[in-house]
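Coordinate analysis (summary)
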Amino acid sequence: MTTKHLLDRDRVRELFDLRAAYNAKMGGGYEEDPNPVWHDLRSRAAVHPGVVHELTGYAGPAFFQGLPHPDRPHFSAFSYEACSSAFRDNETFASSLVPVDLENGNLSALNSMLSMGGQQHRRYRALVQPSFMPKNAGWWIRNWIEECVTLLIDSFVDEGRAELNVDFCAAIPVLTIASSFGVSVEKALDIREAMNRPHEIVSILEPIVAARRESPQDDLISVLVAAEIVNEDGVKQRLSDAEIYSFSVLLLTAGSGTTWKQMGIVLTALLERPEVLAAVRDDRGLLNPAIEEAFRWTPTDPMFSRFVSRDVEFAGTHLPEGSVLHLCLGAANRDPARWENPDVFDIDRPLQPALTFGGGVHTCLGMHVARAEIRTGINALLDRLPNLRLDPDADAPRFIGMYERGATEIPVIFG
Ligand code: HEM
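Residues numbered from 1 in each chain as written. Predicted model: local features only at pLDDT ≥ 70, side-chain atom pairs only at ≥ 80, totals over all residues. Heavy atoms only, no water.

**Regarding the confidence of the model for the protein chain**
Per-residue pLDDT for the protein chain averages 94, and the proportion of residues at 70 or more is 98%. Taken together, the stretch residues 1-5 has pLDDT below 50 and engages in 14 contacts with residues farther than four places along the chain or on a different chain. (pLDDT = per-residue confidence, 0-100. Contact = heavy atoms within 4.5 Å.)

**Considerations on the pairing of strand S7 (residues 304-308)**
Where strand S3 (residues 93-94) lies against S7, 2 bridges are found, and the strand directions are antiparallel. Following the sheet pairing, Phe93 is matched in S7 by Val308. As defined by bridge partners, S7 adjoins strand S10 (residues 324-327) across 4 bridges and the pair is classed as antiparallel. Within S10, the residue paired with Phe307 across the bridge is Val324. (Pairing = 2+ DSSP bridges. Helix = DSSP H or I, 4+ residues; strand = E, 2+ residues; numbered from the N terminus.)

**Section: the side chain of His39**
Here His39 is to be found in helix H3 (residues 35-44). In this structure the side chain of His39 is engaged in a polar contact, spanning 2.9 Å, whose partner is the side chain of Asp343. Among all residues touching His39, those that are not within four sequence positions of it are Arg334, Pro342 and Asp343. (Polar contact = N/O pair within 3.5 Å; in protein donor to acceptor, adjacent residues only side chain to side chain.)

**Remarks on the site of the ligand**
Residues in contact with the ligand amount to 25 residues; listed here are only the nearest, His121, Arg125, Arg306, His362 and Cys364. Take Arg125: an N or O atom from its side chain is 2.8 Å from an oxygen atom of the ligand. One of the side-chain N or O atoms of Arg306 is found 2.6 Å from an oxygen atom in the ligand. Looking at the shell around the ligand element by element, the count peaks at 4 residues for helix H12 (residues 241-255). For the shell around the ligand, the per-class residue count stands at 13 nonpolar, 10 polar and 2 charged. (Near = heavy atom within 4 Å. Nonpolar A, V, L, I, M, F, W, Y, C, P; charged D, E, K, R; others polar.)

**Points about the pairing of strand S2 (residues 74-77)**
Across the two faces of S2 the burial is the same, with His74 and Ser76 and Phe75 and Ala77 all buried. Bridge count for strand S1 (residues 47-49) against S2 is 3 bridges, and the pairing is antiparallel. Residue pairing for S2: Val47 is matched across the bridge by Ala77. Across 4 bridges, the pairing between S2 and S10 is parallel. Counterpart to Ser76 in the pairing with S10 is His326. (Buried < 20%, exposed > 50% of the residue type's maximum accessible area, 1.4 Å probe, protein only.)

**A look at the packing of helix H13 (residues 257-271) against helix H17 (residues 367-384)**
Interaxial distance between H13 and H17 falls to 10 Å at its minimum, and their mutual angle equals 45 degrees. The angle between H13 and H17 falls in the class oblique. When you trace H13 past H17, the crossing you get is right-handed. For the pair H13 and H17, contact is made by Thr259, Gln262, Met263, Val266 and Leu267 and by Ala370, Glu373, Ile374, Ile378 and Leu381, respectively. A class-by-class count of the residues in the contact of H13 with H17 yields 7 nonpolar, 2 polar and 1 charged. (Axes fitted to C-alpha atoms, helices over the stretch in contact; angles between N-to-C directions. Parallel < 35°, antiparallel > 145°, perpendicular 65-115°, else oblique. Left-handed = near helix turned anticlockwise from the far one by under 90°.)

Next up, the structure:
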């Protein structure tokens, strides 16, 4: 990895602009705590007619191009039980209404494995999954995460202060994923610049895919071009170029903003509680429970949606075929039926799986990579920045955003 642009903090700041990250047209204007309303909604019924942001009382725009499928009936689920069982029944609660066509369709997260069902999803996921298993977390950390974290801290360690949301959390996920494709750091930042223009990303990847088909290296594209499964007819299957491009664009879309904002949420939760931060600094065994608790307590993406594929009685409500069910996993993660004092950030609570990474067949493929990035990043901050604390002279971080929640700036001082 070369370091030139990584050390150019102004370019990083320009590329990871907080105002753009909380796009007002996509619910970025929401500045409240939704949890009191979600508790009230859940206490009245597990499922309500309507869409999460409207039911929460947010009248601003929450989807870039308006509510998808406005002509269909919409429902929202708020209990853990309802959200978890819908995630786990991908036939009744389907990810998409139309089949995914990677060879001819758009390059977008909507036309990707996220929207596949049945056999198509099983085949695709089996091909791409191996590098994302927990046993491969070390591969990601050694090859890309550690170096990226070190370079970013190098860029501010001598200054005694930093704004961790943009100067640190934002860049790690994109640089990790882009570097895993085998691109240089300069190109990795170009990829960030091109994220809304997937065809530009493909033009960066094309020569790499071709080169790795000829001669593999120790990177993700090499693993993807070599991946092979034998289907039920005994036929060997590999990923086509179009499938690799679609997957690469999905990784960037699904793995960048999420991990950025979620890392900021974990850091904010710790910095706001100096005694918990000190305990974690002294006993790094507490870092994993702290990360998992922050995932439960404030998931960055508190809502995912499904299409109802048949008439069904669900959690006390009739859902007609063709309706849309929004799963408010942010509310599910604070369901008092599952967690005692659910609003309290408590790293000592017994660990029970939450829904931050979804559930069922589409459970987040990158969750162990996200965990590795957050763990490596925070461990390095604690190792290298003595007496790390919120800057008392700056505005304290707040969590904002409706469907992409995260911290405002995280100004810290150290030394
Ligand atoms: C803390 C950060 C992250 C959060 C909160 C998160 C959350 C999620 C959720 C909830 C889903 C399920 C969506 C659904 O069921 O409709 C999902 C799917 C997915 N995520 Fe993540 N994600 C994170 C980080 C990542 C990273 C780092 C990567 C890649 C390196 C990634 C790649 C994916 C992929 C490929 C899928 C689709 C899986 C499938 O359809 O089978 N995610 N993510």
